[in-house]
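# Descriptive structure summary
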Amino acid sequence: MASTMFPKATLGPKEGRLPPGLFSPVAAERRRRLTSRRKHAFLFGTVLLVFIVYSTYFQPGVLARFEDLQESPRHGPVLPNKKSVASSEDTYKQRGRRSRKSIQTFDAQKPIQDETTEDEEELTEPTTQDTRKLNAHRSKPKAGLETEARGSIRWPERPNLKDDLEAVFALLPDEIKMREFLRPIDYGGPERMRELGLRTRAYQRYLSAWEKLHLFEDKATGETYVRDDVIQYLRATQDDEDAGPDSSLTNTIHNYEAFRSFLAKFVRVLFPFTNPYFADHMTLHSHLKNAGRGIVLTAGDDQAKYLLTTIYTFRELGCNLPIEIMYLGDTDLGEDHRFELESLPGVTTRDISQMVDDEGWKLAGWAIKPFAMLLSSFREVIFIDADSFFFRDPAKLFDDPDYKKTGALFFRDRTIMPESKRKWLMQILPRPIHKLAKESSWWMGTSGHHQESGVVVIDTWKHFVSMLLICRFNGSDRDPRGGRVGVYEMMHGDKETFWIGFLLAGDSSFAFHKGAVGSIGVIEPPKKTTTITATEDTESLGDDELPTSLRKAKEPSEQSPLEATTSTPDTYTMCNPQLLHVDLDGTPLWFNGWLLASKYAERSKRRFSPMQSYLREPKKKAIDDEDFWKLAEDNICCLTSDAESKADLDEHDLDLLKMMRDRALEVGALN
């Protein structure tokens, strides 16, 4: 009915009639979807445009990183490293794009200059080149440049790594030799010392190769440091073909770890006493390289007064070297005495009991000397006994020609109590026997005492392994244990362990001071049997019966009557406990035994030893086929020598002795 009342209008083409399907539901849905797509496309285009503008003008690294992530492998994410160097210009060159803003570029192998702010550094993102270097196996380091490992860590170049590793692996012992080196030494006596020498010489070779691989010197500062990054460096610089269980990298790491394990075990067998104060011997050795020079003393409460006198004389002589006093805990050197000693200029006290692991044995007495030298904070050390005094600045010992040549200077002991130890030396020393051993009084049989250890001068960096062996002789091998003969039973205390230890370690770079040995004190009255004066009736004696010094007195001469009646003995004798060492110019250098006539006398009977002259050992072997040293009570030694060996102390030396005595009285050292 509605259609009848309102008939449908019909429009022709000229009246703008649309196709009948325009208003169909399907067409309407199509138009709705198209409009929605256009809106989404417009929104996406707007966001993309903003992103591109921001990336181009404000943060170019973001776009580069986005493109790199599209090309990165799917198996793992690439994490940003804020410390890597951003080079946006290089990135756009790789992508064929040009930045419309000039951006400063940086060399990837050089540190960034301090031109960026902290905020800019935090926003810096890795470039394409840096991202690719995150996988180290994709690129090899260029020679002469710092190598970047995974995570963009720069590894300093190691141009000699291959040669150093080959040198280490060439020394790696086989299983049989390794077991031989690591087995305990169950016997004592000379055989034990010989075996220790054999193993020490082998350890010297192993340690030298190991340190060449790990020790580096900073050319700018001259400091030596340990670089323990061999495995990390190898892995960072490997190639793709180096991966796998049978690769060269894997074999290299296995050999490196095998040598490292063997060396650690070898150290525990030979010289374990430096742990745990020092992590290993390489660490201790590196500390010594630039440690300078100094004086090392050892003392307990009984020797504290001696040091208060001795150190004072060092400073009065112009010695400015730093001084370290080693002691064995509070029970050895009390706090009061340490305070007194440290009040002296340049003096430090150090508890060596905290540095040495003496489990199974006890560090004490003379044995502390080599440990004190090795564990001091000095490279070049002058060790001085507490009862020794110098007439010259002790620092001048570093200027001795033999020390400059060898780095080790020793002093001779008295030629006393002849004893031949040639057979014993042949049992322990390596072949061929060194000439220094054949020149010793032990080899020639002239004396049972060859070295005096009251003063020892050593470059501990140069003679590091030798010092380790000397410490062992004065440590766990010192005393008899388990029925085994100890080192001190074969020699007189610590004295001979120095030169014997050097030769057993294969180290012949040492020398004995060329100055003479003698005595200081007062000349004894001449004996009638050895003294003839010009006033005696010599007319009845033939020329052959007269002493050489008086043959010319009988002949006509222009001598005055006073000279003709002067006593001129052929020999002189001096008795006292002090042992004098004469300098190269023939003047007194230093003496030990302190200032007393007898250190063993009761306090009430102690007195200073008179010192007016000094007497050197004669150059000949003996006088009248007898020894020129005679041992008396209370460590008194009497020296008989020729007239040419006698000399009087000059005023300078007498003034020094007076100063020493005054200082001893001031600190209460006499009583």
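Worth saying up front: this structure is predicted, and the values here are computed from it rather than measured.

About the criteria used
- Residues numbered from 1 in each chain as written.
- Predicted model: local features only at pLDDT ≥ 70, side-chain atom pairs only at ≥ 80, totals over all residues.
- Heavy atoms only, no water.
- 1 Å grid on protein atoms, 1.4 Å probe; cavity = no way out; pocket = protein on both sides within 12 Å on 5 of 7 lines; lining within 4 Å.
- Points joined across faces, edges and corners; volume = space filled by probe spheres on them.
- Nonpolar A, V, L, I, M, F, W, Y, C, P; charged D, E, K, R; others polar.
- Salt bridge = Lys/Arg side-chain N within 4 Å of Asp/Glu carboxyl O.
- Helix = DSSP H or I, 4+ residues; strand = E, 2+ residues; numbered from the N terminus.
- Buried < 20%, exposed > 50% of the residue type's maximum accessible area, 1.4 Å probe, protein only.
- Contact = heavy atoms within 4.5 Å.
- Polar contact = N/O pair within 3.5 Å; in protein donor to acceptor, adjacent residues only side chain to side chain.
- Pairing = 2+ DSSP bridges.
- Axes fitted to C-alpha atoms, helices over the stretch in contact; angles between N-to-C directions.
- Expected span 1.5 Å × (residues − 1).
- Patch = residues over 30% accessible without salt bridge, like charges linked within 9 Å, V, L, I, M, F, W, Y side chains within 5 Å.
- Areas by Shrake-Rupley, 256 points an atom, 1.4 Å probe, with all protein chains shown as cover.
- Disulfide = S-S within 2.5 Å.
- pLDDT = per-residue confidence, 0-100.
- Phe/Tyr/Trp six-rings, centres within 6.5 Å; stacked < 30°, edge-to-face > 60°.
- Parallel < 35°, antiparallel > 145°, perpendicular 65-115°, else oblique.
- Left-handed = near helix turned anticlockwise from the far one by under 90°.

Enumeration according to the criterion identifies 2 cavities of 30 Å³ or more in this entry. Within this model, the largest cavity holds a volume of roughly 80 Å³. Taken together, 13 residues line the largest cavity, and the ones lying closest to its centre are R192, D477, D479, R484 and V485. Counted by class, the lining of the largest cavity contains 5 nonpolar, 3 polar and 5 charged residues.

What follows concerns the pattern of salt bridges. As enumerated under the stated definition, the model contains 23 salt bridges in all. With a closest N to O distance of 2.6 Å, R260 and D228 form a salt bridge. Of the two residues, R260 sits in helix α11 (residues 248-270) while D228 sits in the loop between β4 (224-226) and α10 (230-236), which places them 32 residues apart along the sequence. Judged by relative accessible area, which is 39%, D228 ranks as partly exposed.

Now for helix α12 (residues 281-288). Taking burial as the measure, the 8 residues of α12 include 6 buried ones, the bulk of the element. Within α12, burial applies to H281, M282, L284, H285, S286 and L288. Here the buried face of α12 lies against α9 (189-214), β3 (215-217), β4, α11, α15 (368-374) and α20 (464-473). For α12, the capping residue at the N-terminal end is D280, with a side-chain oxygen 3.3 Å from the backbone nitrogen of M282.

Let us look at the sheet that holds strand β18 (residues 629-631). One open sheet holds the 3 strands; their spatial order is β14-β19-β18, and the pairing between them is antiparallel. Where the open sheet ends on each side, the last strands, each with one partner, are β14 (571-576) and β18. Ignoring strand direction, the axes of neighbouring strands in this sheet form an average angle of 15°. Both β14 and strand β19 (residues 637-642) contribute to a ladder of 6 bridges, which runs antiparallel. Directly across from Y572, in β19, lies its bridge partner S641.

For the rest of this paragraph, the subject is α11. The end-to-end C-alpha distance of α11 is 33 Å, a good match for the 33 Å that 23 residues give at a rise of 1.5 Å each. For α11, the full list of buried residues reads L249, T250, T252, I253, Y256, F259, F262, L263, F266, V267 and L270. Looking at the packing, one finds that the buried side of α11 touches α7 (161-171), α8 (175-182), α9, α10, α12 and α20.

A word on a nonpolar patch on the surface. A cluster of nonpolar side chains, contributed by F44, L48, F51 and I52, occupies part of the molecular surface with about 370 Å² of accessible area. Here L48 lies in helix α2 (residues 25-57).

Let us now look at the pairing of strand β15 (residues 579-582). Neither face of β15 is open: one carries L579 and H581, the other L580 and V582, and all of them are buried. For strand β13 (residues 517-521) and β15, the ladder comprises 2 bridges, and the chain directions are antiparallel. Each bridged residue has a counterpart across the sheet, and for G518 the counterpart in β15 is L580. Once β15 ends, the chain turns through 5 residues before running back antiparallel as strand β16 (residues 588-592), passing G586 with a positive phi of about 90°.

Bringing the state of the cysteines into the picture now. What the rule picks out here adds up to 1 disulfide. C637 carries a free sulfur, and the closest cysteine sulfur to it, the one in C638, is 7.6 Å from it.

On to the pairing of strand β10 (residues 408-412). Extensive coverage of β10 is indicated by the burial of 4 of its 5 residues. The pairing of β10 with strand β11 (residues 451-459) spans 4 bridges and is classified as antiparallel. Each bridged residue has a counterpart across the sheet, and for L409 the counterpart in β11 is V457. In this sheet, strand β12 (residues 511-512) lies alongside β10 in parallel orientation, the contact comprising 2 bridges. In the sheet register, F410 faces β12, and the bridge partner there is F512.

What follows concerns the side chain of R478. Within the fold, R478 resides in the loop between α20 and α21 (497-504). The buried category is assigned to R478, whose relative accessible area is 8%. Among the polar contacts listed, one links the side chain of R478 to the side chain of D479, at a separation of 3.0 Å. In contact with R478, not counting residues within four places along its chain, are K362, L363, A364, A367, R472, F473, G486, V487 and Y488.

Looking now at the sheet that holds β10. Taken together, 7 strands build an open sheet; the order of strands is β7-β6-β5-β8-β11-β10-β12 and the sheet is mixed. Where the open sheet ends on each side, the last strands, each with one partner, are β7 (347-351) and β12. Two strands pair when backbone bridges link them, and strand β6 (residues 323-327) and β7 are joined in this way by 5 bridges, in the parallel orientation. When the bridges of β7 are listed, Y327 appears paired with D351. With respect to the sheet, helix α14 (residues 335-342) is in contact with β6 and β7, its orientation differing from that of β7 by roughly 150°.

For the chain, per-residue confidence averages 80 on the pLDDT scale, and residues scoring 70 or more make up 72% of the total. In the model, residues 72-151 has pLDDT below 50 throughout and makes 112 contacts with residues more than four positions away in sequence or in other chains. Note on residues 528-566: pLDDT is under 50 here. Beyond four places in sequence and across chains, it has 33 contacts.

Next up on the list: the packing of aromatic side chains. Within this structure, the stated rule accounts for 32 aromatic pairs. Each ring, one from W210 and one from Y256, has its centre 5.3 Å from the other, and the planes form 25°; the classification is stacked. Of the two residues, W210 is situated in helix α9 and Y256 in helix α11; the sequence distance between them amounts to 46 residues. Here W210 and Y256 have matching classes, each one buried. Taking 5.5 Å as the distance between ring centres and 25° as the angle between the ring planes, the aromatic pair formed by F262 and F266 counts as stacked. Of the two residues, F262 and F266 are both situated in helix α11; the distance of 4 residues between them amounts to about one turn of the helix.

The volume enclosed by the second largest pocket comes to roughly 1,300 Å³. Contributions of two or more residues to the lining of the second largest pocket are made by α13 (304-316), β6, α15 and β11. When the residues that make up the lining of the second largest pocket are grouped by side-chain class, the tally is 16 nonpolar, 14 polar and 16 charged.

What follows covers unusual backbone geometry. With glycine set apart, most residues show a phi of negative sign, and most peptide bonds adopt trans. Here the bond from N275 into P276 is cis, since omega is 0°, no more than 30 degrees from zero. Mapped onto the fold, P276 is located in the loop between α11 and α12. In this structure, P432 follows R431 across a cis peptide bond, with omega equal to -5°. Relative to the helices and strands, P432 resides in the loop between α17 (422-428) and α18 (435-438). If you check the backbone angles, W594 has positive phi at about 60° while not being a glycine.

Interaxial distance between α9 and α11 falls to 11 Å at its minimum, and their mutual angle equals 140°. As the angle between them shows, α9 and α11 are arranged oblique. Seen along the crossing, α9 lies across α11 with a hand that is left-handed. Each of L196, R199, T200, Y203, Y206, W210, L213 and H214 in α9 lies in contact with α11, whose residues at this interface are Y256, F259, R260, F262, L263, F266, V267, V269 and L270.

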